[in-house]
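The lines below spell out each chain.
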Amino acid sequence: MRNYTLLFALLFACFIGNSQQQTIDLFNGENLDGWVNHGSEKWYVENGLLVCESGPKAEYGYLSTEKNYKNFELTLEFKQESDGNSGVFIRSTFEGTKVSGWQVEVAPPNKHTGGIYESYGRGWLIKPDAEKEKALKMGEWNTLKIVAKGPSITSWLNGVEMVHLSDEKIGQGEGAIALQIHDGGGIKVKWRNIKLKALK
């Protein structure tokens, strides 16, 4: 019996260790190592936060991971200032500032934060129910969680499940995770605690 107890303890320790190894910080709080800037909009680190801000051209801008991620659980926090129109792209590729991929929306109130949009493609694939829009805390820190596994995408905002979608085209996608700044100018969003856990 004692041997079984010891074996169980070792297996449990290995399981915990492997789980912890799967979670990585995509943003180190010091610089933009591991990220690629697409466009002329501003991306910088200030007081341990990742900040995106409209530049003089007020165009679309993206900051993507150098590595590609297929199946994952991504959690991050964002705080919108000014307009706050942004987003988190998954399985995305870039040609300049033209992106192919899927955006989990980050937007002002009642503009479908947590919904899924396909840029340069089918447009809105799914929007959250109107009642769920209240989960957004404009001007405060919000927690966004995205789980992507095969064709299935689910988003949560501050613990509220916003949307769930199963889509064959998304399931075939390959590419990076990226943060977006919308065009039009006057936008500023802060980000922190960007963590990813790989899924099989």
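Residues numbered from 1 in each chain as written. Predicted model: local features only at pLDDT ≥ 70, side-chain atom pairs only at ≥ 80, totals over all residues. Heavy atoms only, no water.

Caption draft 1: Seen up close, the packing of aromatic side chains. Applying the stated criterion to the full structure yields four aromatic pairs. Arranged with centres 5.4 Å apart and planes meeting at 55°, the rings of Tyr62 and Phe94 form a pair that is tilted. Of this pair, Tyr62 sits in strand E5 (residues 61-68) while Phe94 sits in strand E7 (residues 86-95), and the two are 32 residues apart along the sequence. For the pair Tyr62 and Phe94, a shared accessibility class is recorded, and that class is buried. Here the aromatic residues Tyr62, Phe89 and Phe94 are joined through ring pairs into a cluster of three or more. Here the basic side chain of Lys145 rests over the ring of Trp156, its NZ or CZ set 4.7 Å away from the ring centre. (Phe/Tyr/Trp six-rings, centres within 6.5 Å; stacked < 30°, edge-to-face > 60°. Helix = DSSP H or I, 4+ residues; strand = E, 2+ residues; numbered from the N terminus. Buried < 20%, exposed > 50% of the residue type's maximum accessible area, 1.4 Å probe, protein only. Lys NZ or Arg CZ within 6 Å of the ring centre and 35° of its normal.)

Caption draft 2: Region of interest: the environment of Leu74. Along the chain, Leu74 turns up in strand E6 (residues 72-82). For the pair formed by Leu74 and Thr23, sequence separation is 51 residues and the distance between their alpha carbons is 9.2 Å. Those residues in contact with Leu74 that sit more than four places away from it in its chain are Leu26, Val88, Leu144, Lys145, Ile146, Ile177, Ile194, Lys195 and Leu196. (Contact = heavy atoms within 4.5 Å.)

Caption draft 3: Representation of the side chain of His38 in the model. Position of His38 relative to the elements: it lies in strand E2 (residues 35-38). What makes His38 buried here is its relative accessible area of 15%. Side chain to side chain, His38 and Ser64 meet in a polar contact 2.8 Å long. Those residues in contact with His38 that lie beyond four places of it in its chain are Gly61, Tyr62, Ser64, Phe94, Gly96 and Thr97. (Polar contact = N/O pair within 3.5 Å; in protein donor to acceptor, adjacent residues only side chain to side chain.)

Caption draft 4: View of the sheet that holds E5. If you walk across this open sheet you meet the seven strands as E2-E5-E14-E7-E8-E9-E10, and the pairing is antiparallel. Two strands in the sheet have a free side with no partner beyond their single neighbour: E2 and strand E10 (123-126). Here the strands of the sheet are splayed against their neighbours by 30° on average, with no regard to which way each runs. Alignment of strand E8 (residues 98-106) against strand E9 (residues 116-118), held across three bridges, turns out to be antiparallel. Pairing of Val104 across the sheet is with Ile116, part of E9. (Pairing = 2+ DSSP bridges. Axes fitted to C-alpha atoms, helices over the stretch in contact; angles between N-to-C directions.)

Caption draft 5: Main features of the confidence of the model for the chain. Looking at the chain, pLDDT values average 90 and 90% of them are 70 or higher. A low-confidence stretch, residues 16-20 stays under pLDDT 50, and its non-local contacts, those more than four residues away or across chains, total one contact. (pLDDT = per-residue confidence, 0-100.)

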